[in-house]
Amino acid sequence: MSVSPSPHHVVLFPYMSKGHTIPLLQFARLLLRHRCATSSSNDGEEPSMSITIFTTPQNKPFISNFLSDVTSSIKIISLPFPENIAGIPPGVESTDKLPSMSLYVPFTRATKSLQPLFEETLKNLPQVTFMVSDGFLWWTLDSAAKFEIPRLAFFGMNSYSSALYNSVSVHQLFTKPGNIKSDTEPVTVPDFPWIRVKKCDFVPVCTEPDQSGPEFDLLMDQLMSTGKSRGVIVNSFYELESPFVDYRLGVRGEPKPWCVGPLCLVNPPKPESDKPSWIEWLDRKREERCPVLYVAFGTQAEISNEQLKEIALGLEDSKANFLWVTRMDVGEVGFEKRVREHGMIVRDWVDQWEILSHESVKGFLSHCGWNSAQESICAGIPILAWPMMAEQPLNAKLVVEELKVGVRIETENGTPEGFVSREEVSQKVKKLMEGEMGKTTRKNVKEYAEMAREALAQGTGSSWKNLSLLLEELCKIRETNDVNKLSSHD
Ligand SMILES: O=c1ccn([C@@H]2O[C@H](COP(=O)(O)OP(=O)(O)O[C@H]3O[C@H](CO)[C@@H](O)[C@H](O)[C@H]3O)[C@@H](O)[C@H]2O)c(=O)[nH]1
């Protein structure tokens, strides 16, 4: 299936959070790769697709660096981020730098002040074929409409979590008067009778009976704007979660979800030279034939000092070899010295995909942010699932109950905010790294890793074919100038 050979111009606008930006940058890379593979008629003189990425000054270096291998087809435009937002220190333009995630609402609301300059800039750009902007940046839909650009929303969530949120909301499982369950009582999801969920698996803004307030209003704006978009880009692949993709495809009047992932598989290979110290450490562990547990909790997790100390002691007790990436102070005096033979702590930004792809890594203690969980699956690494916030409890259920590629860490009170003891950490690490459960999950995850590669196989993979179809439809819109096409799949 080939798309029109005329040059296309795509605008991408990622939300200012690493977990949202990274997959959209990977999507840029996939678009270029796809375009290159399918426009064989192009004479090579002119790039057949150009991409403009909008961001803010503090985020630009990260983006330029991430895409340093494809700079000729990509232009990055910075729009100044507003200053004087209550509670947000000047220069903070990404959620990982926020003093607290409780500032998520004012931070996200503040992005709207980028709109006038965004639109001014759009006016002077070459004709845009389509725009993909983050679902959190609700106002970009209006900008796209002003310039008659088809807008697709990017959402970082997988289809399993979206489907469960949708089902629970449609059936008012937690919000209907009289239906209110305690935080931890398991209830059956009506559309998926084999799945039992707890109220605390969902973010409170979606389960509280009193649906109002700034967080709820922001969520509504984001959902409404996504609902009016031409489609939704999903970083996942059909074979991983087919019943949930089918469910989402069946929701009438909603924009069509397009599974085009796993996007981490388009990361370019790292040059063998410039190895960071932690990769050299992993190389050493490979020579010693020591399996390593990788420990990381994404870019937004807020972990108390007491909990950090407990994780440290649990890892020490487990005797497992571990590589722990954390920018927080572990706070256990003498810990690093005591574990230096089998543990390494890294405080820099790492290339997580490079770590997960290393032969020494045999397990991942993760908060189950969707990027981390999917990267682990694609690398064939079983997961020790410790969800902490957002949709992570549902991602953990997908990993442990549905796909059976992981083991769950339990908190003392059964809620994601609860405390985890050192004994729990230590026992579950041993279970994953040494036990029977570890063997089963390792075998299962390797099968999904293979399916993931197939999903993006050029010309034949389900995600590759989805992208071909999507681009074909978007090209038709451009040719016929029919901006109302692709709006829903009823
Ligand atoms: O030193 C680091 C730290 C992180 N990463 C990458 O950063 C991304 C982090 O994303 P994710 O694992 O999803 O974690 P969060 O940053 O916590 O992601 C937020 O966004 C995700 C996507 O919407 C949601 O699933 C999560 O719940 C939400 O917390 C991944 O690609 C990692 O590989 C690195 O490469 N190096």
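Procedures and definitions
- Residues numbered from 1 in each chain as written.
- Predicted model: local features only at pLDDT ≥ 70, side-chain atom pairs only at ≥ 80, totals over all residues.
- Heavy atoms only, no water.
- Buried < 20%, exposed > 50% of the residue type's maximum accessible area, 1.4 Å probe, protein only.
- Helix = DSSP H or I, 4+ residues; strand = E, 2+ residues; numbered from the N terminus.
- Arc of directions from axis to C-beta.
- Contact = heavy atoms within 4.5 Å.
- Pairing = 2+ DSSP bridges.
- Axes fitted to C-alpha atoms, helices over the stretch in contact; angles between N-to-C directions.
- Domains from an automatic or database assignment.
- Salt bridge = Lys/Arg side-chain N within 4 Å of Asp/Glu carboxyl O.
- Polar contact = N/O pair within 3.5 Å; in protein donor to acceptor, adjacent residues only side chain to side chain.
- Near = heavy atom within 4 Å.
- Areas by Shrake-Rupley, 256 points an atom, 1.4 Å probe, with all protein chains shown as cover.
- Nonpolar A, V, L, I, M, F, W, Y, C, P; charged D, E, K, R; others polar.
- Core = buried A, V, L, I, M, F, W, Y, C linked by side-chain atoms within 4.5 Å.

Looking at an unreviewed UniProt entry, one finds the protein named Glycosyltransferase and attributed to Brassica campestris.

A. Summary view of helix 4 (residues 115–123). Along helix 4, the residues classified as buried are Gln115, Phe118, Glu119, Thr121 and Leu122. Viewed along the axis of helix 4, the buried residues span an arc of 160°, placing them on a single side of the element. Counted as exposed and oriented over 90 degrees from the buried face of helix 4: Pro116 and Lys123. Packing partners of the buried residues in helix 4 comprise strand 1 (8–13), strand 2 (49–55), strand 3 (74–78), strand 4 (130–134) and helix 5 (140–146).

B. View of the sheet that holds strand 11 (residues 321–325). With parallel pairing, six strands are arranged side by side in an open sheet as 12-11-10-13-14-15. Only two strands of the sheet have a single neighbouring strand rather than two, namely strand 12 (343–346) and strand 15 (406–408). Geometrically, the sheet is characterised by an average inter-axis angle of 20° between neighbouring strands, direction not taken into account. Sheet analysis places strand 14 (residues 383–385) next to strand 15, joined by three bridges and oriented parallel. Note on strand 15: the bridge partner recorded for Ala385 is Arg408. Strand contacts of helix 15 (residues 392–402): strand 14 and strand 15, with the helix running at about 130° to strand 15, the strand carrying the most contacts.

C. Molecular detail of unusual backbone geometry. The omega torsion of the bond from Gly261 to Pro262 falls at 0°, within 30 degrees of zero and hence cis. Tracing the sequence through the fold places Pro262 in the loop between strand 9 (257–259) and helix 10 (277–287). Phi is positive for Asn84, which is not a glycine, with a value near 60°. Considering the arrangement of structural elements, one finds Asn84 in the loop between strand 3 and helix 3 (104–110). You will see that Ala390, though not glycine, has its phi angle at about 50°, which is positive. Here Ala390 shows up in the loop between strand 14 and helix 15. Using a relative accessible area of 31% as the deciding quantity, one classes Ala390 as partly exposed.

D. Region of interest: the domain arrangement of the protein. Along its sequence, the protein is organised into domain 1 (8–159 + 214–266 + 457–487) and domain 2 (277–451). Across the boundary between the two partners, domain 1 contributes 24 residues, which contact 19 residues of domain 2. Between the two partners, domain 1 and domain 2, sit zero salt bridges. Counting the contacts that link domain 1 with domain 2 gives seven residue pairs in polar contact (both at pLDDT 80 or more). It is helix 1 (residues 18–38) that provides the largest number of residues to the side of domain 1 that touches domain 2, a total of four residues.

E. How the structure looks around the side chain of Ser462. Structurally, Ser462 is set in helix 18 (residues 462–480). Judged by relative accessible area, which is 17%, Ser462 ranks as buried. In this view, Ser462 contacts Tyr238, Glu239, Glu454 and Ala455; residues no more than four positions away in its chain are not counted.

F. View of the site of the ligand. Taken together, 20 residues surround the ligand, and among them Thr299, Val350, Ser372, Glu375 and Glu391 come closest. At a separation of 2.8 Å, an oxygen atom of the ligand approaches a polar backbone atom of Trp370. In the complex, 95% of the free accessible area of the ligand, which totals 690 Å², lies under the protein chains. Elements supplying a minimum of two residues to the shell around the ligand: helix 1 and helix 14 (370–378). Residue contributions to the shell around the ligand peak at four residues, all from helix 14. Here the shell around the ligand is built from residues that sort into five nonpolar, 12 polar and three charged.

G. Focus on the nonpolar core. Counting 39 residues, the largest nonpolar core has Leu164, Phe192, Ile195, Val197, Phe202 and Ile377 as the members making the most contacts within it. Those elements that place two or more of their residues in this core are helix 6 (159–170), strand 6 (187–189), strand 7 (192–197), helix 9 (242–249), helix 14, strand 14, helix 15 and helix 17 (436–455). Lining this core are residues from two domains, each supplying at least three of them: domain 1 (8–159 + 214–266 + 457–487) and domain 2 (277–451). Those residues in contact with Phe202 that lie beyond four places of it in its chain are Leu164, Tyr165, Val168, Phe174, Val197, Thr207 and Leu394.

H. Layout of the sheet that holds strand 1. Pairing in this open sheet of seven strands is parallel, and the strands run 3-2-1-4-5-8-9 from one edge to the other. Both outer strands of the open sheet, strand 3 and strand 9, are each paired with one neighbouring strand and no more. Taken pair by pair, the neighbouring strands of this sheet meet at an average axis angle of 25°, ignoring direction. Bridging between strand 5 (residues 151–155) and strand 8 (residues 231–234) involves four bridges; their strand directions are parallel. Bridging from a neighbouring strand, Ala153 pairs with Val232 of strand 8. Helix 18 contacts strand 1, strand 4, strand 5, strand 8 and strand 9 of the sheet and is inclined by roughly 135° relative to strand 9.

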